[in-house]
Amino acid sequence: VTKRQEQSPIQLPQQQLPLQQQLPQQQLPLQRQLPQQLPLQRQLPQQLPLQRQLPQQQQQQRQRQQVCTTYMPQCTATATTIAGISGISGAASNQLSYPYDITLDSSNTLYIADRGNNRVQQWVTNASSGSTVAGQASGAVGSALNYFNRAGGVVIDSAGNLYVTDPFNDRVQYWANGSMSGSIIIGTGACSSALNELCDPYGIARDTTTGTLYIGDYSNDRVMMFLS
């Protein structure tokens, strides 16, 4: 038996090579021909958020406008100084020193607890200066009934009588309308946690129906209610 002669592989002509070998370079798959394209966000210059591009003053103006629009539709974003001189502390009648609390009467007259001057100032609408209605006009400090040692909070009743917390004298004073001195209605003048005493009282509120007073007794970490 003769061996079968091995047959040589059939040689295809060059033009019959597999298709991918015949294609010229420019017909390679598209992703190999095109230059690499960066994602769009990498091509564009980085844009800072709008609030970082705006000057700080414009940011603050926008924030004030947003507060007005959201919470107080009738307000404006630009404020006006109506009492005192902006940034200047003093004891003159047109000045204040660390004003701490305010209240209004029925005619919209403003009463200001002028803490740094140990007094309460009355400021009529559109006035250029105030007048002292409790404490000393000079701003002097003291413990007598016509003095305060840091006027804290202030409220007024329908008759124009004032109720003023006197923090460093540990008491609340009552000043009748037009009076030249006050009277102690809460506290003894000593810092204590007893139920009839206070220690650094600041905040004050008054129930207009019952006359009940609520006092923020700062250093005793409590709020006290005193019936009229």
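Scroll up a little and you will see the structure.
Bear in mind that the values here come from a model prediction, so they are computed numbers and not experimental data.

Conventions used here
In this numbering scheme, every chain counts its residues from 1 along its sequence in written order. Local features are withheld for residues below a pLDDT of 70 in this predicted model, meaning they are given only at 70 or higher, and side-chain atom pairs are given and counted only at 80 or more; totals for whole chains, interfaces and linings count all residues. As a rule here, side-chain values cover all heavy atoms of the structure and leave hydrogens and water aside. Secondary structure elements follow DSSP: runs of H or I no shorter than four residues count as helices, runs of E no shorter than two count as strands, and numbering proceeds from the N terminus. When a residue's accessible area, from a 1.4 Å probe over protein chains only, is under 20% of the maximum for its type it is buried; when over 50% it is exposed; and in between it is partly exposed. Throughout, a residue-residue contact means that at least one pair of heavy atoms, one from each residue, lies within 4.5 Å. Each pair of aromatic rings taken from Phe, Tyr and Trp, with Trp reduced to its six-membered ring, is defined by centres within 6.5 Å and is described as stacked if the planes are under 30 degrees apart, edge-to-face if over 60, and tilted in the remaining cases. Should DSSP find at least two bridges between two strands, the strands are regarded as paired. Helix axes are fitted to C-alpha atoms over the stretch in contact, other axes to C-alpha atoms as well, and angles between N-to-C directions run from 0 to 180 degrees.

Q: Looking at this model, I keep getting lost on the overall build of the chain. Mind explaining?
A: When helices and strands are tallied, the chain shows five helices and eleven strands. Looking at the chain as a whole, 31% of its 228 residues are labelled buried. Pairs at least 24 residues apart make up 35% of the contacts formed inside the chain by residues separated by at least 6 positions.

Q: Looking at this structure, I do not really get the packing of aromatic side chains. What am I missing?
A: Given two aromatic rings, their pairing is described by the distance between the two centres and the angle made by the two planes. Overall, the coordinates contain four aromatic pairs when judged by the stated rule. Plain terms: the ring middles of Y202 and Y218 are 5.5 Å apart, the flat faces sit at 75° to each other, and that makes the pair edge-to-face. You can see Y202 sitting in strand β9 (residues 201-206) and its partner Y218 sitting in the loop between β10 (213-217) and β11 (222-226), a full 16 residues away along the chain. For Y218, a relative accessible area of 58% gives the class exposed. Grouped by ring-pair contacts, the aromatic residues Y100, Y202 and Y218 constitute a single cluster.

Q: How should I be thinking about the sheet that holds β9 in this particular structure?
A: Read from one edge to the other, the open sheet built from three strands follows the order β9-β10-β11, with strand pairing classed as antiparallel. The open sheet terminates on both sides in strands that have one partner only, identified here as β9 and β11. Going from strand to strand, the sheet's axes swing by 20° on average, the running direction of each strand aside. Bridge count between β10 and β11: five bridges; the pairing is antiparallel. Bridged to D217 within β11 is R222.

Q: So what exactly am I meant to see when it comes to the sheet that holds strand β7 (residues 171-175) here?
A: Within a sheet, adjacent strands bond to each other through the backbone by hydrogen bonds, running parallel or antiparallel. Judged by pairing direction, the sheet is antiparallel, and its four strands sit side by side in the order β5-β6-β7-β8 without closing on themselves. Either end of the sheet is taken by a strand with one partner, and the two such strands are β5 (154-156) and β8 (183-186). Averaged over all pairs of adjacent strands, the angle between their axes in this sheet comes to 30°, without regard to strand direction.

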